[in-house]
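Listed below, chain by chain, are the residues.
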Amino acid sequence: MNLRRRLTAGALVTAAGLGLLIVPAGQASAGQTEAGQTEAGQTAPPANRPGCNLANGIKHVISIQFDNVHFTRDNPNVPSDLEQMPNLLHFLEHDGTFFSNFHDVLVHTATNFVSSLTGLYEDRTSVTQSNSFSYFDSTGKTHPGVSFAYWTDPLFDPSGTPADTNFNMNYTADPAGNPTGTNIDAPAPWVSYTRAGCNVGQVGMANTVLENITTDIPTVFGANSPQQAEATANPNKATADFVGLAVHCAATSSLCASGQTDALPDEPGGYAGHKALFGAAEVAPAVTPTGALTSMSGNVITDEHGNDGFPGFDSLSADNSLGMAAEMQEHGVPVTNIYMSDVHGDQSPADTGDLGPGEPTYEAQLHAYDTSFGQFLARMKKDGITPANTLFSVTTDEGDHFSGSAPTPANCTGAAGNMCSYTTKSEVNVNLPGLLATQDSDTTPFSIHSDPAPAFWVTGNPAPGASSVRTLERDIGGLNITNPLTGATDKVADQIADPVEEKILHFVGPDAARTPSFTAFSGEDEFVSSGAQNCTKACVFTSSGFAWNHGGLWPDMQTIWLGLVGPGISAQGVDSKTFADQVDLRPTLMALTGLHDDYRVDGRVLTQALNHQGLPRALRSDQHTVAELGAVYKQIDAVDGQFAAATLAASTRGIASGSATNDSTYTATEAALSKLEQSRDRIASEIQNALLGAEFGNHPIGSSANALIWQADQLLAQANHLAKG
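Model, not experiment: these values are computed from the prediction.

1. Observations concerning the overall build of the protein
A count of helical and extended segments in the protein gives 18 helices and 26 strands. Its C-alpha atoms give the protein principal-axis dimensions of roughly 70 × 60 × 55 Å. Across the 725 residues of the protein, 62% fall into the buried class. A total of about 23,800 Å² of accessible surface is found on the protein, and carbon and sulfur atoms cover 53% of it.

Structure below.
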């Protein structure tokens with residue numbers, strides 16, 4: 001199991017396995033009723049309606065999210081992942097709009113999927129560092145946490161009883177991202193659909209299904225349930241039976257009659273009368289006539305132990321995922337969210353680790369995925385599920401960078417007779433405590449989220465700006481290594497953000513215990529982790545198994561793609577100009593289906609993809625102003641926008657400055673960043689008020705748009721000025 005791809009807990013997950021090693025010592029904005037997105041208690045939710053009632057003639061919604069699948073080429077001579085899936089790529093480019101300037105929210109799989117599903121940046125759900133993280137207890141000691149857990153779970157601490165009893169997805173409704181100080185569970189993304197009478201299926205989609213049997217089964221089924229008894233007696237069977245699949249039903253549907261109460265304790269307006277099916281043991285009898293889940297190729301789906309049911313997250317190939325989704329679509333589940341495993345990890349039983357572009361196994365897997373998509377689209381067409389009545393969205397969670405040696409032969413293309421091979425396929429592993437101890441004599445104890453963008457929790461939870469934190473920040477900022485893949489000198493930390501900048505980057509959620517002391521961003525090849533506080537063994541080395549680096553600021557890591565096809569979508573092919581990110585998907589789907597969320601989203605409707613029929617009425621009159629307002633909103637609020645880039649540059653310079661006796665530049669920079677952040681939140685909130693009102697409340701943008709655009713431009717100029725020093 002590749003723990004970096006998906007963390008599960010069918011068996012004990014150790015802190016070491018999560019890269020969370022301890023280094024030893026020495027709901028919505030008020031006033032948004034016009035947009036239909038309101039805080040709990042302000043307005044009643046829409047009444048549950050019979051049937052699946054959606055706008056624009058939409059009868060089905062099929063949303064697919066890959067794990068690390070690329071539109072651009074990783075080797076210029078080898079066709080990209082999507083180029084080698086022509087059945088899918090042609091469908092997206094020919095029948096819809098394909099955004100190639102789409103961006104992730106900078107963190108990892110769990111966060112990426114949650115943000116896409118909800119339209120919320122990570123600070124709104126507390127899934128700010130993933131797929132794992134650390135958190136402080138009241139004494140300042142650090143503990144490990146896992147981001148993958150069912151929607152209503154408390155924080156999942158694999159080391160034992162958690163010191164933090166908040167919801168894993170602890171929510172803030174404050175549009176400025178300020179902590180609420182209360183333990184509120186995040187609103188669930190299936191609710192808008194189920195209230196409209198639609199059953200919603202989940203195939204491996206993060207946190208909407210049971211992710212593990214340690215915390216999820218007691219939460220959903222109960223600690224004394226038969227399911228818990230099975231989990232204790234036979235964890236492998238329980239994982240196949242209850243993890244990875246779910247159907248959340250409309251209150252009027254009988255499909256989930258034998259299922260569990262779909263409990264959402266903090267859902268705006270309440271959520272009584274709904275039930276859900278969890279796992280293959282409950283889902284399969286409801287959606288498959290034979291009672292067994294089958295793949296697109298017709299094979300019964302089993303796990304590695306031979307158990308029928310969920311095959312495991314790393315086995316959610318196109319064949320398996322699309323097969324299960326097709327059965328849902330054909331048997332009363334018209335809205336389906338589908339997770340699909342990456343293609344560059346060896347999916348064969350041998351599991352030799354990550355593969356390089358153009359290698360034979362990689363090429364064979366891409367061909368298999370393409371075949372499965374061809375079969376799926378043909379099967380859906382035969383079922384009458386087509387772009388004429390079905391909204392398709394297809395995207396990926398994040399990008400990544402191949403770290404390895406040059407291919408052999410140098411001009412290999414991956415075609416038959418010209419396959420590629422690689423002497424080295426490995427990230428550049430960096431033992432950070434070893435480097436610190438040997439180069440700077442710094443043995444400050446901390447917990448680290450091992451990553452190309454490592455986060456640090458300094459033991460004792462000292463305040464930002466404390467001498468111990470400042471010394472560690474400066475020492476890490478000054479570290480250089482020789483990259484064994486390229487021979488170049490690389491900085492261990494190209495950029496650093498402490499809590500002031502982390503707030504700008506949406507890394508500070510309502511559960512303050514999870515906020516890192518600071519976060520660093522390393523090179524494309526580097527994977528920064530913990531280790532011994534010496535370099536008697538190499539502190540910088542390559543290994544095997546992991547060769548695709550993701551989670552950092554580099555373009556091939558954070559630039560992804562989104563394809564939309566269906567009613568209300570223009571067939572305009574590739575759009576490489578529109579800057580958008582993952583939180584924009586949710587409001588776009590809601591606008592097209594005629595639904596709305598009862599919480600305030602952070603994204604905006606991607607009007608560039610919508611035809612006249614699909615555009616909300618208030619957006620039709622002045623599309624140029626709407627597009628300009630939406631574009632500047634993204635640049636000031638998106639994690640990968642211009643404002644974030646400029647302030648991160650200023651933060652890095654300020655953190656690198658000063659000394660133990662004079663830290664005035666750092667202090668002044670932090671004050672300036674904090675002031676900019678407050679201005680950003682105010683302007684972004686006002687722009688979002690206008691956009692939401694037009695998108696979901698039929699209120700024209702109005703004459704204030706030009707003034708808001710001017711204010712946002714001035715803010716960007718101020719941030720750029722601070723970045724230049």
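Past the structure itself, the notes keep going.
2. As for helix α16 (residues 642–656)
With 15 residues, α16 extends 21 Å between its outermost C-alpha atoms, agreeing within 8% with the 21 Å of an ideal straight helix rising 1.5 Å per residue. Those residues of α16 not exposed but buried are F643, A644, A646, T647, L648, A650, S651, T652, G654 and I655. In the segment just after α16, G658 is the residue with positive phi, at about 80°.

3. Remarks on the pattern of salt bridges
Taken as a whole and assessed by the stated rule, the structure comprises 19 salt bridges. With a shortest N-O distance of 2.7 Å, K237 and D241 are connected by a salt bridge. In this pair, K237 and D241 are both assigned in helix α6 (residues 235–242), four residues apart and thus about one turn of the helix distant. We classify D241 as buried; its relative accessible area is 8%. A salt bridge links D584 to R604; the shortest N-O distance between them is 3.9 Å. Of the two residues, D584 is situated in the loop between β26 (580–581) and α14 (585–593) and R604 in the loop between α14 and α15 (623–637); the sequence distance between them amounts to 20 residues. You can call R604 buried: its relative accessible area is 2%.

4. A look at the packing of helix α8 (residues 318–330) against helix α9 (residues 360–382)
Look at α8 against α9: their axes get within 9 Å of each other, and the N-to-C directions meet at 10°. What the angle tells us is that α8 and α9 run roughly parallel. The segment α8 lies against α9, with A318, D319, L322, A326, E327, Q329 and E330 engaging Y369, S372, F373, F376, R379 and M380.

5. Side note on the sheet that holds strand β19 (residues 495–497)
Ordered in space as β15-β16-β20-β19, the four strands form an open sheet in which the pairing is antiparallel. Of all the strands in the sheet, just β15 (446–449) and β19 have a single pairing partner and so form its edges. Across the sheet, the mean angle separating the axes of adjacent strands is 20° when strand polarity is ignored. Direction of pairing for β19 relative to strand β20 (residues 518–521): antiparallel, over a ladder of three bridges. In the strand pairing of β20, Q495 is matched with F521. Docked against the sheet, helix α11 (residues 467–477) engages β15, β16 (455–458), β19 and β20, running at close to 5° with respect to β20. Across the sheet, α16 lies against β19 and β20, angled at about 90° from β19, the strand it touches most.

6. Observations concerning the state of the cysteines
Disulfide: a covalent bond connecting the sulfur atoms of a pair of cysteines. Within this structure, the stated rule accounts for four disulfides. Disulfide partner of C52: C198, at an S-S distance of 2.0 Å. Of note, the bridge from C52 to C198 carries an S-S torsion of about 90° and is right-handed in sense. A residue pair is termed long-range when its members are at least 10 positions apart, and C52 in the segment before β1 (60–66) and C198 in the loop between α3 (191–195) and β5 (200–203) qualify at 146 residues. Assigning the bonded cysteines of the protein consecutive numbers by sequence position, one obtains the connectivity 1-2, 3-4, 5-6, 7-8.

7. Considering the sheet that holds strand β21 (residues 526–529)
Within the open sheet, the three strands sit side by side as β21-β14-β22. Their pairing is mixed. For this open sheet the edge positions go to β21 and β22 (540–541), each flanked by a neighbour on one side alone. Examined bridge by bridge, strand β14 (residues 428–431) and β21 share four bridges and lie parallel to one another. Within β21, the position partnered with N431 by the bridge is S529. Along the sheet, helix α10 (residues 432–440) makes contact with β14, β21 and β22, crossing β14 at roughly 55°.

8. Some details on unusual backbone geometry
A cis geometry characterises the amide bond from S130 onward to N131, with omega recorded as 15°. With respect to the helices and strands, N131 occurs in the loop between α2 (109–118) and β3 (132–136). Although it is not a glycine, D351 adopts a positive phi angle of roughly 40°. Among the secondary structure elements, D351 is positioned in the loop between β9 (335–340) and α9. Taking relative accessible area as the criterion, D351 reaches 37% and is therefore assigned partly exposed.

9. Describing the environment of A368
Looking at the element boundaries, A368 is found in helix α9. For A368, a relative accessible area of 39% translates into the label partly exposed. Distance in space between the C-alpha atoms of A368 and T471 is 52 Å, their sequence separation being 103 residues.

10. Some points on the packing of aromatic side chains
According to the stated counting rule, one finds 16 aromatic pairs in the structure shown. Between the aromatic rings of F113 and Y339, the centroid separation amounts to 5.4 Å while the plane-to-plane angle is 90°, which identifies the pairing as edge-to-face. Note that F113 is positioned in helix α2 and Y339 in strand β9, a separation of 226 residues in sequence. Joined through ring pairs, the aromatic side chains of F66, F71, F98, F373 and W561 make up one cluster. The aromatic ring of Y666 is capped on one face by R470, whose charged end is 3.9 Å from the ring centroid.

11. Describing the nonpolar core
Ranked by size, the top nonpolar core spans 155 residues in total, and within it F66, M85, Y193 and I687 carry the most contacts. In terms of residue count, the dominant contributor to this core is helix α17 (residues 664–697) (ten residues). The next biggest cluster of nonpolar side chains, apart from the first, holds 23 residues, and it includes L436, F456, V469 and I481.

12. Some details on the side chain of Q84
Along the chain, Q84 turns up in the loop between β1 and α1 (86–95). Given the relative accessible area of 17%, Q84 is considered buried. A polar atom in the side chain of Q84 sits 2.9 Å from the backbone oxygen of P79.

13. Digging into the confidence of the model for the protein
When the pLDDT values of the protein are averaged, the result is 91; 92% of them are 70 or greater. Residue range residues 1–46 is modelled with pLDDT below 50. Its contacts to residues more than four positions away, or to other chains, number 154 contacts.

14. What about the environment of N720?
Mapped onto the fold, N720 is located in helix α18 (residues 704–724). Spatially, the C-alpha atoms of N720 and P484 are 35 Å apart, while their sequence positions differ by 236 residues.

15. Considering α11
Burial of α11 is extensive: eight of the eleven residues sit out of reach of the surface. The set of residues buried in α11 consists of V469, R470, L472, E473, R474, D475, I476 and G477.

16. Regarding the side chain of D262
Within the element layout of this structure, D262 appears in the loop between β7 (260–261) and β8 (275–278). At 10 Å, R195 is the nearest oppositely charged side chain to D262, a buried residue that forms no salt bridge. A distance of 2.9 Å separates a polar atom in the side chain of D262 from a polar atom in the side chain of H248.

17. Some details on the packing of α16 against α18
Direction vectors running N to C along α16 and α18 enclose 25°, while the axes themselves pass 8 Å from each other. Between α16 and α18, the angle falls in the class roughly parallel. Classified by chirality, the crossing of α18 by α16 is left-handed. Taken together, the residues of α18 that come into contact with α16 (itself represented by Q642, F643, A646, T647, A649, A650 and R653) are L715, L716, A719, N720, L722, A723 and K724. Its residues assigned to classes, the contact of α16 with α18 comprises nine nonpolar, three polar and two charged.

How each quantity is defined
Residues numbered from 1 in each chain as written. Predicted model: local features only at pLDDT ≥ 70, side-chain atom pairs only at ≥ 80, totals over all residues. Heavy atoms only, no water. Helix = DSSP H or I, 4+ residues; strand = E, 2+ residues; numbered from the N terminus. Buried < 20%, exposed > 50% of the residue type's maximum accessible area, 1.4 Å probe, protein only. Areas by Shrake-Rupley, 256 points an atom, 1.4 Å probe, with all protein chains shown as cover. Expected span 1.5 Å × (residues − 1). Salt bridge = Lys/Arg side-chain N within 4 Å of Asp/Glu carboxyl O. Axes fitted to C-alpha atoms, helices over the stretch in contact; angles between N-to-C directions. Parallel < 35°, antiparallel > 145°, perpendicular 65-115°, else oblique. Contact = heavy atoms within 4.5 Å. Pairing = 2+ DSSP bridges. Disulfide = S-S within 2.5 Å. Phe/Tyr/Trp six-rings, centres within 6.5 Å; stacked < 30°, edge-to-face > 60°. Lys NZ or Arg CZ within 6 Å of the ring centre and 35° of its normal. Core = buried A, V, L, I, M, F, W, Y, C linked by side-chain atoms within 4.5 Å. Polar contact = N/O pair within 3.5 Å; in protein donor to acceptor, adjacent residues only side chain to side chain. pLDDT = per-residue confidence, 0-100. Lys, Arg positive; Asp, Glu negative; His and termini not counted. Left-handed = near helix turned anticlockwise from the far one by under 90°. Nonpolar A, V, L, I, M, F, W, Y, C, P; charged D, E, K, R; others polar.

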